[in-house]
Amino acid sequence: MIDLRFYWSLLMRRLPVMLALLIICSAFGAVSAIRAPSTYSTSARLLVEGPQIVQGRDAVDSTSASLDIIEQQLMTRANLIDIANKLNVFRRDPGMSVDEKVAEMRRSTSIRRSAGRDQATLMTVSFTSTDPRIAAGVVGELTTLILSANTRNRVSLAEERLNFYQQEVDRLSADLDRQNAQILEFKQQNANALPDNLRYSQERQSLLQERTSRLEAEIASLQGQREDMIRLFETTGNIGQPSAPRTPEEQQLANLRAELNGLLGVYAEGSPRVTALRNRIAAAERAVQAQIGGDQTEDTGNSLLDLNLSQIDSRIETARNDLTQANAELDSLRDSISSTAANTITLGALERDQANIQARYNAAVANLGEARTAERIETSSRGQRITVVEAANVPSLPSGPNRKKIAAMGVGLGLGLAGGFFALMELLNNAIRRPAELRSRFQITPLAVIPYIETRHERRRRQSIGLALILAVLILIPAGLWGLHTQYMPLDILAQKIVNRLGLG
């Protein structure tokens, strides 16, 4: 059970100090509330309008991000000092340092934004000062800076984007030209081993292989004819009717017929090449028939043998030359076909890089077109802009301070200090003052407790001293505070200095 009588006696004993703390704090609060200068606050409302011409990425640009950038630029040290010096905001405090001016400007400036879904974005700029004209002037300067910063930022952003994409297009165009030149050089160096020529090379290889086989068979046949002719002449002394053509027309006719036999193994009867070759054979047959119709002198003996052998050797030499040329071309085709696979991989990589560069170049050209349009939109003020809905006016009524609140804070601080003093003294006092404390400390139960018995003189003396202390507190402390306030330093300034020195300001 709480011993109210005991605590009441403690309260009465410590009442003078508690009253002193309460009176001092209340006096400081009251003086601060009375002497605090009136402050005036004014504001301007700005509306963030959407772009009149919506284009691509500009439609999704973050309004909040752009306003954050403007706010950070607005609250820079240089801007705040320029405004303070231009409007002489701190003419009543000429001794303030630059850092103090910047801190005070930031403390007195308020920028709020309100936005919502399907709602317009509003920005409210306000400033608080002891001079209403200064408050209105500062808000006007801040509004001007916001409008100019918004225009400057958006135009600068559009120009930087345009310059970037222009540089990107130029760079990719140069890369594309270099890649095209590299592909052209590669094709020129490997003209005979390109993937586009692979099918022709394979068909040509098949045709040459058939031709070499035919030429080898023809050479073998002519060599056999030559040996048979020599053997017949050595046996009979006469070569008889020569089996091989003796005139160039007959030799050409034989060659055309042999070529026709080779083509029929590859092409169909109705092929254009077969038809053209048959026409040539028919013309050669008519020329031979015209020669056979006249008289011919039949050669005999060695002269006839030499003539026929010469014709056969000429045909063999011609066939061998054709065979050599065909084999050389076959070797070239084999090298070309074997190199085509590696060239296909290299050329594919070059063309793939070209396609990638081309795709990036096309995208950069498209972005450059959008950037040019965006730059024209911003320079013509058709993009997002900020307009003033309500300009700042000079306030006629003060907005602060809340004097009742300041005074109440002083009284509350005094009560808190008084209560803290009472509790602190109780915690620091280890003396035994009640039977309950005797039982709890020594774990004993006394049979009886005899309190200190005051005499009437002692009680009167104690009461007189307490009353004198209370009267001294009620009279001397207010008088001392009044003298301090009037003779040394106003209490509100002193309280502010104490707070600043403690680092609580």
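Remember, it's a predicted structure, so these values are computed and weren't measured experimentally.

## Brief notes about the overall build of the protein
And step 1. Per the secondary structure count, the protein includes 13 helices and 4 strands.
And step 2. Relative to its full complement of 505 residues, the protein shows a buried share of 29%.
And step 3. Taking all contacts inside the protein whose residues are at least 6 apart in sequence as the whole, residues at least 24 apart take part in 79%.
And step 4. Looking at the protein as shown, the accessible area adds up to about 32100 Å², and 55% of this sits on carbon and sulfur atoms.

## A short note on the sheet that holds strand S3 (residues 121-129)
And step 1. On the basis of which strands lie adjacent, the open sheet formed by 4 strands has the order S2-S3-S1-S4 and antiparallel pairing. Both outer strands of the open sheet, strand S2 (109-114) and strand S4 (385-390), are each paired with one neighbouring strand and no more. Each strand axis lies, on average, 25° off the axis of its neighbour in the sheet, ignoring direction.
And step 2. By the bridge criterion, 5 bridges tie strand S1 (residues 40-49) to S4 in an arrangement that is antiparallel. Each bridged residue has a counterpart across the sheet, and for Arg 45 the counterpart in S4 is Glu 390.
And step 3. Across the sheet, helix H4 (residues 98-108) touches S2 and S3, and the angle it forms with S2 is around 35°.
And step 4. In the packing of helix H5 (residues 132-189) onto the sheet, the strands contacted are S1, S2, S3 and S4, and the crossing angle to S1 comes to about 20°.

## Details of the pairing of S1
And step 1. The alternating pattern of S1 places Tyr 40, Thr 42, Ala 44, Leu 46 and Val 48 on a buried face and Ser 41, Ser 43, Arg 45, Leu 47 and Glu 49 on a face that is not buried.
And step 2. As judged from the 9 bridges shared by S1 and S3, these two strands associate in the antiparallel manner. Across the sheet, the residue bridging to Ser 41 is Thr 128, located in S3.

## Thoughts on the pattern of salt bridges
And step 1. Within this structure, the stated rule accounts for 14 salt bridges.
And step 2. With a shortest N-O distance of 2.5 Å, Glu 168 and Arg 171 are connected by a salt bridge. Separated by 3 residues within a single helix, Glu 168 and Arg 171 lie in helix H5, roughly one turn from each other.
And step 3. Taking the relative accessible area as the measure of exposure, Arg 171 reaches 38% and is therefore partly exposed.
And step 4. The residue Arg 226 makes a salt bridge to Asp 313 at a minimum N-O spacing of 2.7 Å. Placement of Arg 226 in helix H6 (residues 198-236) and of Asp 313 in helix H9 (residues 301-379) is noted, with a sequence separation of 87 residues between them.

## Section: the packing of aromatic side chains
And step 1. Scanning the model with the defined rule gives 1 aromatic pair in all.
And step 2. Here the aromatic rings of Phe 164 and Tyr 165 are separated by 5.3 Å at their centres, their planes lie at 65°, and the arrangement is edge-to-face.
And step 3. Given the relative accessible area of 15%, Tyr 165 is considered buried.

## Observations concerning a nonpolar patch on the surface
And step 1. A cluster of nonpolar residues, Leu 467, Leu 471, Leu 474, Ile 475 and Leu 476, forms a patch on the protein surface that exposes about 500 Å² of accessible area.
And step 2. Residue position: Leu 471 is located in helix H12 (residues 456-488).
And step 3. Classification of Leu 471 as partly exposed rests on a relative accessible area of 42%.

## As for the packing of helix H1 (residues 4-35) against helix H10 (residues 403-428)
And step 1. Between H1 and H10, the shortest axis-to-axis distance is 7 Å and the interhelical angle comes to 155°. Taken together, H1 and H10 sit at an angle that is classed as roughly antiparallel. As H1 packs across H10, the resulting crossing turns out to be right-handed.
And step 2. Across the contact of H1 with H10, the residue classes break down as 21 nonpolar, 6 polar and 3 charged.

## Structural notes on the nonpolar core
And step 1. Counting 27 residues, the largest nonpolar core has Val 89, Met 105, Val 138 and Ile 146 as its most contacted members.
And step 2. Of all the secondary structure elements, the ones that give two or more residues to this core are S1, helix H2 (63-74), helix H3 (77-87), H4, S3 and H5.
And step 3. The leading source of residues in this core is H5, at 7 residues.
And step 4. Once residues within four sequence positions are removed from consideration, Val 138 is found in contact with Ile 83, Leu 87, Val 89, Met 105 and Phe 127.
And step 5. Leu 215, Ile 316, Ala 319 and Leu 323 belong to the second largest nonpolar core, which has 11 residues in total.

## Remarks on H5
Owing to its 3.6 residues per turn, the α-helix aligns residues three or four sequence positions apart on the same side.
And step 1. Over its 58 residues, H5 runs 85 Å from end to end, which matches the ideal 86 Å to within 8%, given 1.5 Å per residue.
And step 2. With a side-chain oxygen positioned 3.0 Å from the backbone nitrogen of Arg 133, the residue opening H5 is Asp 131.

## A closer look at unusual backbone geometry
And step 1. A positive phi is found at Asn 88, a non-glycine position, where the angle reads about 55°.
And step 2. Positionally, Asn 88 belongs in the loop between H3 and H4.
And step 3. A residue is classified by how much of its surface remains accessible, and Asn 88, at 39% relative accessible area, is partly exposed.

## Examining H4
And step 1. When H4 is considered as a whole, its buried residues turn out to be Lys 101, Val 102, Met 105 and Ser 108. With its buried residues spanning 140° around the axis, H4 presents them on a single face. More than 90 degrees from the buried face of H4, the exposed residues found are Asp 99 and Arg 107.
And step 2. Tucked inside the fold, the buried residues of H4 contact H3, S2, S3 and H5.

## What to know about the confidence of the model for the protein
Where the model shows low pLDDT, its predicted coordinates should not be examined in detail.
And step 1. Confidence along the protein averages 79 in pLDDT terms, with 86% of residues attaining 70 or more.
And step 2. Averaged over each element, pLDDT in the protein is lowest for helix H13 (residues 491-501) (67) and highest for H3 (91).
And step 3. pLDDT under 50 marks residues 294-300. Its contacts with residues more than four places away, or in other chains, come to 4 contacts.

## What about the side chain of Ser 126?
And step 1. Looking at the element boundaries, Ser 126 is found in strand S3.
And step 2. Non-local contacts of Ser 126, meaning those with residues more than four positions away in its chain, are made with Ser 41, Thr 42, Ser 43, Ser 108, Thr 109, Ser 110, Arg 112 and Val 139.

## Some points on the pairing of S3
And step 1. With 7 of 9 residues buried, S3 lies mostly within the body of the structure.
And step 2. Across 6 bridges, the pairing between S2 and S3 is antiparallel. The partner of Thr 109 across the bridge, within S3, is Phe 127.

## Considerations on the packing of H3 against H5
And step 1. It is the contact of H3 with H5, at a shortest axis distance of 10 Å, that shows an interaxial angle of 140°. Between H3 and H5, the angle is such that the two are oblique. Like other packed secondary-structure pairs, H3 and H5 cross with a definite hand, here right-handed. For the pair H3 and H5, contact is made by Asn 79, Ile 83, Lys 86 and Leu 87 and by Ile 134, Gly 137, Val 138, Glu 141, Leu 142 and Leu 145, respectively.
And step 2. Split into classes, the residues belonging to the contact of H3 with H5 amount to 6 nonpolar, 2 polar and 2 charged.

Definitions and limits used
Each residue is numbered by its place in its chain's sequence as written, counting from 1. Residue-level local features of this predicted model are given only where pLDDT is at least 70; pairs of side-chain atoms are given and counted only at 80 or more, and the full residue set underlies all totals for whole chains, interfaces and linings. Side-chain metrics rest on all non-hydrogen atoms present in the structure, leaving aside hydrogens and water. Numbering of helices and strands runs from the N terminus; a helix is a DSSP stretch of H or I covering at least four residues, while a strand is a stretch of E covering at least two. Type-normalised accessible area, obtained with a 1.4 Å probe on protein chains alone, sets the label of each residue: buried when under 20%, exposed when over 50%, and partly exposed for intermediate values. Throughout, a residue-residue contact means that at least one pair of heavy atoms, one from each residue, lies within 4.5 Å. The accessible surface values rely on the Shrake-Rupley method and a 1.4 Å probe; as for residues, cover is taken only from the protein chains in view. Strand pairing is assigned whenever DSSP detects at least two bridges linking the two strands. For helices, the axis comes from a line fit to the C-alpha atoms of the stretch in contact; other axes are also lines fit to C-alpha atoms, and the angle between any two N-to-C directions lies between 0 and 180 degrees. Any carboxyl oxygen of Asp or Glu that lies within 4 Å of a side-chain nitrogen of Lys or Arg is treated as forming a salt bridge with it. Between rings of Phe, Tyr and Trp, where Trp is taken as its six-membered ring, a pair exists when centres lie within 6.5 Å; planes separated by under 30 degrees are stacked, by over 60 edge-to-face, and by other angles tilted. Note on patches: the residues involved have over 30% relative accessible area and no salt bridge, like charges join within 9 Å, and the nonpolar side chains Val, Leu, Ile, Met, Phe, Trp and Tyr join within 5 Å. Should an angle fall under 35 degrees it is called roughly parallel, over 145 degrees roughly antiparallel, and 65 to 115 degrees roughly perpendicular, with every other angle called oblique. For a crossing to be left-handed, the near helix must be turned anticlockwise from the far one by less than a right angle; the clockwise case is right-handed. Note that Gly is not counted as nonpolar here; it falls among the polar residues with everything else outside the nonpolar set of Ala, Val, Leu, Ile, Met, Phe, Trp, Tyr, Cys and Pro and the charged set of Asp, Glu, Lys and Arg. Residues belong to a common nonpolar core when they are buried Ala, Val, Leu, Ile, Met, Phe, Trp, Tyr or Cys residues joined through side-chain atoms within 4.5 Å. Residue count minus one, scaled by 1.5 Å, sets the expected span of a helix. Any N or O atom pair separated by 3.5 Å or less is treated as a polar contact, with the protein-specific requirement of one donor-capable and one acceptor-capable atom, and with residues adjacent in sequence counted only for side-chain atom pairs. The reported arc concerns the directions from the helix axis to the C-beta atoms and nothing else. Confidence per residue, as judged by the predictor, is encoded in pLDDT with a range of 0 to 100.

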